[in-house]
Amino acid sequence: MSLPLLDTMTRAEASAVLAHEMAHFAGGDTEHSRKRGLLLSRFDQYIAALFEGVLSIPIGIFMGAFRDLVGLAVAQKQREDEFRADRVAAEHTSAEGIGHALMRLAAYSQYRSRVEDNLFSATGMHADLGIAQRVATGFLPFVQTSEFRSAIDGLTVPHPYDSHPPLQERLAAVGVPTDPARFAEVLQPHTESTWLDEVEGGRDSSRPCGETYEARFKQVHEHQLAYRYRPDTPEEEAHVLRFFPEVSFDGSGVEVTLTYAEVRIHGEEPLPYRDIASARVEDRRFGNTWT
């Protein structure tokens, strides 16, 4: 759980999340997931190897179908594990604690993803991202919209390793009302201190962590822009050249230059990449020739 997310949760919600995760450890779910992941990875490699041989392809098809059945069984087991961990959290903390935590996790993650997707899809460079500020100011208005309420049924609580049951099913299982109108009430900002106040240096470390994340986000976004631009303006061309500068080399005594848009051969007209239908290398006794 990120520090900014932890700071949005009440102490009761954070306690419920900890109880939920401890239930996974106590029930052996974490160890089983680790072992199962390794076995399934090896099994997938085995199936891929079967498709490399002509005679073994029928076996590969059969084993692939078996792998799908195993996947269904694993998904069912994971769902049962999640419901059990929710029950344990409700018993040791409160049903509202785990229910409200699940609401906040699902809503916060969806909105943050929405904010980041919009920033990443922008066609211009960002002077200042301000992701944390955008999420903080826009989160509550978002959960009050009809667009969010219509998406509640399909919401799941994000998890790095496996798929989780839909949010509505998990709320119903612990006896928490699932009326979409209650989401805005539950997710209202709270004034009490949070677990982040108990983390030594938590607030001080949260800021540089966010700055580091935004710097990486901005770097990847600018790199992707170099692939998206045609370019159509001098500024866009300069940006593309920043990532794809011209490269020249000697091609059998003739200077060849590669740009982001074309191949330039000394003494010949530039050849745009869009006009190249095919390329091949001719093996020669004393060297190769590219044509």
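Residues numbered from 1 in each chain as written. Predicted model: local features only at pLDDT ≥ 70, side-chain atom pairs only at ≥ 80, totals over all residues. Heavy atoms only, no water.

With respect to the environment of Tyr111
Phase 1: Locating Tyr111 in the fold gives a position in helix 5 (residues 95–120).
Phase 2: Judged by its relative accessible area of 11%, Tyr111 falls in the buried class.
Phase 3: Ignoring any residue separated from it by four or fewer positions in sequence, one finds Tyr111 in contact with Arg134, Val135, Gly138, Phe139 and Phe142. (Helix = DSSP H or I, 4+ residues; strand = E, 2+ residues; numbered from the N terminus. Buried < 20%, exposed > 50% of the residue type's maximum accessible area, 1.4 Å probe, protein only. Contact = heavy atoms within 4.5 Å.)

Focus on the nonpolar core
Phase 1: With 35 residues, the main nonpolar core has Ile98, Met103, Phe139, Val143, Leu171, Phe183 and Leu187 as its most contacted residues.
Phase 2: Considering each element in turn, this core owes the most residues, eleven residues, to helix 5. (Core = buried A, V, L, I, M, F, W, Y, C linked by side-chain atoms within 4.5 Å.)

Notes on the packing of helix 10 (residues 202–228) against helix 11 (residues 234–243)
Phase 1: For the pair helix 10 and helix 11, the least separation of the axes is 9 Å and the interaxial angle reads 110 degrees. By the angle between their directions, the pair helix 10 and helix 11 is classed as roughly perpendicular. Crossing handedness for the pair helix 10 and helix 11: left-handed. On helix 11, the residues that touch Glu222, His223, Leu225 and Ala226 of helix 10 are His239, Val240, Arg242 and Phe243.
Phase 2: Classifying every residue of the contact of helix 10 with helix 11 by side-chain character gives four nonpolar, two polar and two charged. (Axes fitted to C-alpha atoms, helices over the stretch in contact; angles between N-to-C directions. Parallel < 35°, antiparallel > 145°, perpendicular 65-115°, else oblique. Left-handed = near helix turned anticlockwise from the far one by under 90°. Nonpolar A, V, L, I, M, F, W, Y, C, P; charged D, E, K, R; others polar.)

Comments concerning the sheet that holds strand 2 (residues 254–258)
Phase 1: An order of 1-2-3-4 is seen for the four strands of this open sheet, with the pairing classed as antiparallel. Of all the strands in the sheet, just strand 1 (247–251) and strand 4 (271–272) have a single pairing partner and so form its edges.
Phase 2: Note: strand 2 against strand 3 (residues 262–265), three bridges, orientation antiparallel. Bridge pairing in strand 3 places Thr257 opposite Arg264. (Pairing = 2+ DSSP bridges.)

Side note on the packing of aromatic side chains
Each aromatic ring pair is summarised here by two numbers: the centre-to-centre distance and the angle between the ring planes.
Phase 1: Scanning the model with the defined rule gives eight aromatic pairs in all.
Phase 2: Between Phe43 and Phe66, the ring centres sit 6.1 Å apart and the planes meet at 85 degrees, which makes this aromatic pair edge-to-face. One end of the pair, Phe43, is in helix 3 (residues 29–50); the other, Phe66, is in helix 4 (residues 57–92), with 23 residues separating them in the sequence.
Phase 3: For Phe43, a relative accessible area of 18% puts it in the buried group.
Phase 4: Seen from their ring centres, Tyr213 and Phe217 are 6.3 Å apart, and the 45 degrees between their planes marks the pair as tilted. Residue Tyr213 and its partner Phe217 are located together in helix 10, separated by four residues, close to a single helical turn.
Phase 5: Here the aromatic residues Tyr108, Tyr111, Phe139 and Phe142 are joined through ring pairs into a cluster of three or more. (Phe/Tyr/Trp six-rings, centres within 6.5 Å; stacked < 30°, edge-to-face > 60°.)

Points about helix 4
Phase 1: For helix 4, with 36 residues, the first-to-last C-alpha span of 52 Å sits near the 52 Å given by 1.5 Å per residue.
Phase 2: All of the buried residues in helix 4 are Gly60, Met63, Arg67, Val74, Gln78, Asp81, Glu82, Phe83, Ala85, Asp86, Ala89 and Ala90.
Phase 3: Of the surrounding elements, those touching the buried residues of helix 4 are helix 2 (11–26), helix 3, helix 5 and helix 8 (167–173). (Expected span 1.5 Å × (residues − 1).)

A word on a nonpolar patch on the surface
Phase 1: Nonpolar side chains collect at one region of the surface, where Val247, Phe249, Leu258 and Tyr273 lie side by side and expose about 330 Å² of accessible area between them.
Phase 2: Position of Tyr273 relative to the elements: it lies in the loop between strand 4 and strand 5 (281–284). (Patch = residues over 30% accessible without salt bridge, like charges linked within 9 Å, V, L, I, M, F, W, Y side chains within 5 Å. Areas by Shrake-Rupley, 256 points an atom, 1.4 Å probe, with all protein chains shown as cover. Salt bridge = Lys/Arg side-chain N within 4 Å of Asp/Glu carboxyl O.)

Focus on the pattern of salt bridges
Phase 1: Scanning all chains against the criterion turns up 14 salt bridges.
Phase 2: Among the ionic pairs, Asp86 bridges to Arg170, the shortest N-O distance being 2.8 Å. Of this pair, Asp86 sits in helix 4 while Arg170 is found in helix 8, placing the two residues 84 residues apart along the sequence.
Phase 3: Residue classification places Asp86 among the buried residues on the basis of a relative accessible area of 1%.
Phase 4: For Glu262, the salt bridge identified is with Arg264, shortest N-O distance 2.8 Å.
Phase 5: It is possible to trace a salt-bridge network through shared partners that takes in Glu31, Arg34 and Lys35.

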